[in-house]
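# Observations on chain architecture
Okay, here's what each chain looks like letter by letter:
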Amino acid sequence: MAGSFDGMAVARKALQALAEAGADKAAVSLSRGEQSELNVDAGALSLYRSTVNVSMGLTAHVATAKGSVSLNRYDDASIREAAGRAVSMARASEPDAANDVSPACPPEAFSSGPREPDSEAMYERLREFVDYASSAYPSVKLEQCILDFGAGSSFYANSNGVEFREDSGLYGFSAMFTAKEGADASSFNYSGASHRSLAKALKDWGNVDELMRQSTGQLRAGTVDGSFEGELLITPDCLGDFLGMMDGVYLSDYPLITGNSPWRDSLGASVASPLLTVRSEPRGPLIEAGYSCTGDGFKAENCVLLEAGVLRNFTLGLYGSNKSGKPRCPSGGGAISVDAGRDSRDELVKSMKKGLLLSRFSGGSPSDNGDFSGVAKNSYLIEDGKIVRPVGETMVGGNLAALFNAVRGVSRERIDYGSACLPWLLAGGVTISGK
């Protein structure tokens, strides 16, 4: 089983091969996992399968140049061949003083979740979900649902003596569905979550139950009339997308290395509404599907990204930190939770003059300054504090920094996705228009 696999011995062997091939510094990552999966297609249980996945990455540094190779085998011959290729790639690469491996620290091992799936409980939970969906929401069609269990071990080692091992076990559930009645159909929607046990019914994972219920009322969605400046009540299912865009434009390696981030000189300054606190918590307690070490070889530590609107951390890795001269993110930047607010989501709706309950957003990447535009799907028009009717194919545009500065409400309720914990967020200053 994955838990008895001695991946650290393999990682050490790979480090030796890299040194023998001519690397001055080196790093090795290795993961081996076993996954058991149950599927529902077109409303019927259709498949049970188990797979074993292996992935390995070798990185060689020759002076300040770097080369990396990925492989899915770990026999001696494959490792030696990959080590030689990584060193050759490094010698052919441009020198860059920002390339490095993480500094020495004591070896550590981490463990979370079960090692083996409860296959019988997986089947019963999925059958229970299919029965519930067909009974509670007859018009909802389950396009595809996947319940899986992954158990595995990951290893990281580098030439500075850093060694991390992490063993984990986790159940994951995702559901994609539409509602159909005659010629009418809703836009598809989806949700899901990851947890360490099957204690909760699958309908209560993520926001699945509420989104299925909403789909039944979205069979005849329209668009909005004209164009107006309004507010968005962003649902937890959609908020993760906006936080991801914020990361990509303001906080992560690329915008800070290039100098394009509008927040590049704002560490310690207010950049968003004081109602907004965003945390990166890979070590819990809210996040079950977290991680204990970062991809670039550091022990992950919880940190605050935005504290009452004040920028406390970027999400830079080691290379981005060295290249930009700004602090490395202690957490690695994932496993996001947003602090709950004081108001219920119903109170937030009642406070809105005109806008959208935004459940799903389909748009391209924002511009370098944070301007975004896209289509609201599975959403609702709100007027004078009331949800009026479902809308789809409605355009939404604005600026991310302005949106997060204009937050005037955060819900008490949050949705636990296992990998994130997110509330409803009310913000204004966006343009809403019919197509």
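Residues numbered from 1 in each chain as written. Predicted model: local features only at pLDDT ≥ 70, side-chain atom pairs only at ≥ 80, totals over all residues. Heavy atoms only, no water.

### Considerations on the overall build of the chain
Helix and strand content of the chain: nine helices and 21 strands. The C-alpha radius of gyration of the chain comes to 24 Å, within 12% of the 22 Å expected for a compact globule of 435 residues. Projected onto the principal axes, the alpha-carbon positions of the chain cover approximately 70 × 55 × 35 Å. If you take every contact in the chain between residues at least 6 apart in sequence, the share linking residues at least 24 apart comes to 73%. For the chain, the accessible area works out to roughly 18200 Å², and carbon and sulfur atoms hold 48% of it. In the chain, 42 positive and 53 negative side-chain charges are present, and the distance between their average locations comes to 2 Å. (Helix = DSSP H or I, 4+ residues; strand = E, 2+ residues; numbered from the N terminus. Rg over C-alpha atoms; globule rule 2.2 N^0.38 Å. Contact = heavy atoms within 4.5 Å. Areas by Shrake-Rupley, 256 points an atom, 1.4 Å probe, with all protein chains shown as cover. Lys, Arg positive; Asp, Glu negative; His and termini not counted. Charge placed at Lys NZ, Arg CZ, Asp CG, Glu CD.)

### Section: the environment of Arg196
Within the secondary structure layout, Arg196 lies in the loop between strand 8 (189–195) and helix 4 (208–216). Judged by relative accessible area, which is 34%, Arg196 ranks as partly exposed. For Arg196 and Ser112, which are 84 residues apart along the polypeptide, the C-alpha to C-alpha distance reads 8.2 Å. Setting aside residues up to four positions removed in sequence, Arg196 forms contacts with Ser112, Gly113, Pro114, Gly169, Leu170, Tyr171, Ile287 and Glu288. Polar side-chain contacts of Arg196 include one of 3.1 Å to the backbone oxygen of Glu288. (Buried < 20%, exposed > 50% of the residue type's maximum accessible area, 1.4 Å probe, protein only. Polar contact = N/O pair within 3.5 Å; in protein donor to acceptor, adjacent residues only side chain to side chain.)

### Some thoughts on the state of the cysteines
For the structure shown, the criterion picks out zero disulfides. We note that Cys303 lacks a disulfide partner, and the nearest cysteine sulfur, in Cys329, lies 3.9 Å from it. (Disulfide = S-S within 2.5 Å.)

### Here's the deal with helix 4
Judged by how many residues are buried, helix 4 sits mostly within the fold: seven of nine residues are covered. For helix 4, the full list of buried residues reads Val208, Asp209, Glu210, Leu211, Met212, Gln214 and Ser215.

### Side note on helix 3 (residues 119–136)
Here helix 3 is 18 residues long and its end C-alpha atoms lie 26 Å apart, about the 26 Å a rise of 1.5 Å per residue gives. Listing the buried residues of helix 3 in full gives Met122, Arg125, Leu126, Phe129, Val130 and Ala133. An end-on view of helix 3 places all buried positions within 135° of arc, on one side of the element. Exposed side of helix 3, more than 90 degrees from the buried face: Glu120 and Ser135 are the residues found there. If you follow the buried residues of helix 3, they end up packed against strand 1 (25–41), strand 2 (44–62), strand 5 (140–158), strand 6 (163–181) and helix 4. (Expected span 1.5 Å × (residues − 1). Arc of directions from axis to C-beta.)

### Examining the nonpolar core
Note that soluble globular proteins tend to have their nonpolar side chains buried in a common cluster. Judged by nonpolar contacts, the single largest core of 59 residues is most densely connected at Leu232, Phe242, Leu243, Trp263, Leu306, Leu356 and Phe404. Among the elements that take part in this core, helix 5 (residues 236–251) stands out by supplying nine residues, more than any other. What Leu232 contacts, discounting residues up to four positions off in sequence, is Met352, Leu356, Leu358, Val396, Leu403, Leu425, Leu426, Ala427, Val430 and Ile432. (Core = buried A, V, L, I, M, F, W, Y, C linked by side-chain atoms within 4.5 Å.)

### Describing the packing of helix 1 (residues 7–21) against helix 2 (residues 76–92)
At a minimum axis distance of 8 Å, the contact between helix 1 and helix 2 shows a crossing angle of 45°. Judged by the inter-axis angle, helix 1 sits oblique to helix 2. When the axes of helix 1 and helix 2 are compared, the crossing they make is right-handed. Within the contact between the two elements, helix 1 uses Val10, Lys13, Ala14, Ala17, Leu18 and Ala21 and helix 2 uses Asp76, Ile79, Ala83, Gly84, Ala86, Val87 and Arg91. For the contact of helix 1 with helix 2, the per-class residue count stands at nine nonpolar, one polar and three charged. (Axes fitted to C-alpha atoms, helices over the stretch in contact; angles between N-to-C directions. Parallel < 35°, antiparallel > 145°, perpendicular 65-115°, else oblique. Left-handed = near helix turned anticlockwise from the far one by under 90°. Nonpolar A, V, L, I, M, F, W, Y, C, P; charged D, E, K, R; others polar.)

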